[in-house]
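# Architecture at a glance
Here is what each chain is made of, one letter per residue.
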Amino acid sequence: MTTPTPACGWDQAVFRCGRCGAQHTAPTEADYFKAVGLHGDAHAVWDRLNPIERDGITSILRTILAAPELAAELLALADRQPAGGEGQ
């Protein structure tokens, strides 16, 4: 009698950041690498900001992420504005 061999392959992987403790579970290898890259990029941006900038960007992101339509309108508005000028 032989024991069935389990199938080999990707099941899921968990990424845990050693700096902040964030944890991401990825269902595919590509998703894992994307999560690790994005998280590293987020740390790089966060590290360049001072405390006032961190508070500001956090507030802006909370507002925009809660209203995707607002984000789209803000981007459209920014695209219509002259470079370096004030809107009307």
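Please refer to the structure higher up on the page.
First, a word on what this report is: a plain description of the structure on this page. Here the residue index of a chain counts from 1 through its sequence in written order. pLDDT decides what is reported in this predicted model: residues at 70 or higher carry local features, side-chain atom pairs at 80 or more are listed and counted, and totals for whole chains, interfaces and linings draw on all residues regardless. The basis for every side-chain value is the complete set of non-hydrogen atoms in the structure, without hydrogens or water.

## Observations concerning helix α2 (residues 51-65)
In an α-helix, one turn spans 3.6 residues, which is why side chains three or four residues apart end up on the same side. The end-to-end C-alpha distance of α2 is 21 Å, a good match for the 21 Å that 15 residues give at a rise of 1.5 Å each. Between a side-chain oxygen at the N-terminus of α2 and the backbone nitrogen of Ile-52 the separation is 2.9 Å; the capping residue is Asn-50. Secondary structure follows DSSP: runs of H or I at least 4 residues long count as helices, runs of E at least 2 residues long count as strands, and numbering of each begins at the N terminus. A helix is expected to span 1.5 Å multiplied by its residue count minus one. Any pair of N or O atoms that falls within 3.5 Å is considered a polar contact. Within protein, one atom must be able to donate a hydrogen and the other to accept it, and sequence-neighbouring residues count only if both atoms are side-chain atoms.

## Considering the pattern of salt bridges
What counts as a salt bridge is simple: a side-chain nitrogen of Lys or Arg found within 4 Å of a carboxyl oxygen of Asp or Glu. Enumeration over the complete set of coordinates arrives at one salt bridge. In this structure, Arg-19 and Asp-47 form a salt bridge, with 2.9 Å as the shortest nitrogen-oxygen distance. With Arg-19 in the loop between β1 (13-16) and β2 (23-26) and Asp-47 in helix α1 (residues 29-48), the pair connects residues that are 28 residues apart, well separated along the chain. Here Arg-19 falls in the exposed class, since its relative accessible area comes to 58%. The classification of residues rests on relative accessible area computed with a 1.4 Å probe and restricted to protein chains. Under 20% of the type maximum is buried, over 50% is exposed, and intermediate values are partly exposed.

## A short note on the state of the cysteines
What counts as a disulfide here is a pair of cysteine sulfur atoms lying within 2.5 Å. With the rule as written, the count across this model stands at zero disulfides. Cys-17 forms no disulfide, and the closest cysteine sulfur to it belongs to Cys-20, at a distance of 3.8 Å. A residue is classified by how much of its surface remains accessible, and Cys-20, at 45% relative accessible area, is partly exposed.

## Regarding a nonpolar patch on the surface
Residues Trp-46, Ile-57, Leu-61 and Leu-65 make up a contiguous nonpolar surface patch of roughly 390 Å² in combined accessible area. Counting residues per element, the nonpolar patch draws most heavily on α2, which supplies three residues. Following the sequence through the fold, Leu-65 ends up in helix α2. Patch membership is restricted to residues that have no salt bridge and whose relative accessible area is over 30%. Joining uses 9 Å for like charges and 5 Å for the nonpolar side chains Val, Leu, Ile, Met, Phe, Trp and Tyr. Computed with the Shrake-Rupley method and a 1.4 Å probe, the accessible areas treat only the protein chains shown as cover for residues.

## What about the pairing of β1?
When a strand is regular, its side chains alternate between the sheet's two faces. Of the two faces of β1, only the one carrying Ala-13 and Phe-15 is buried; Val-14 and Arg-16 on the other face are not. Here β1 pairs with β2 via four bridges, running antiparallel. Bridge pairing in β2 places Phe-15 opposite His-24. A pair of strands is considered paired only if DSSP assigns at least 2 bridges between the two. In this antiparallel pair of consecutive strands, β1 and β2, the connection spans six residues, and Gly-21 shows a positive phi of 85°.

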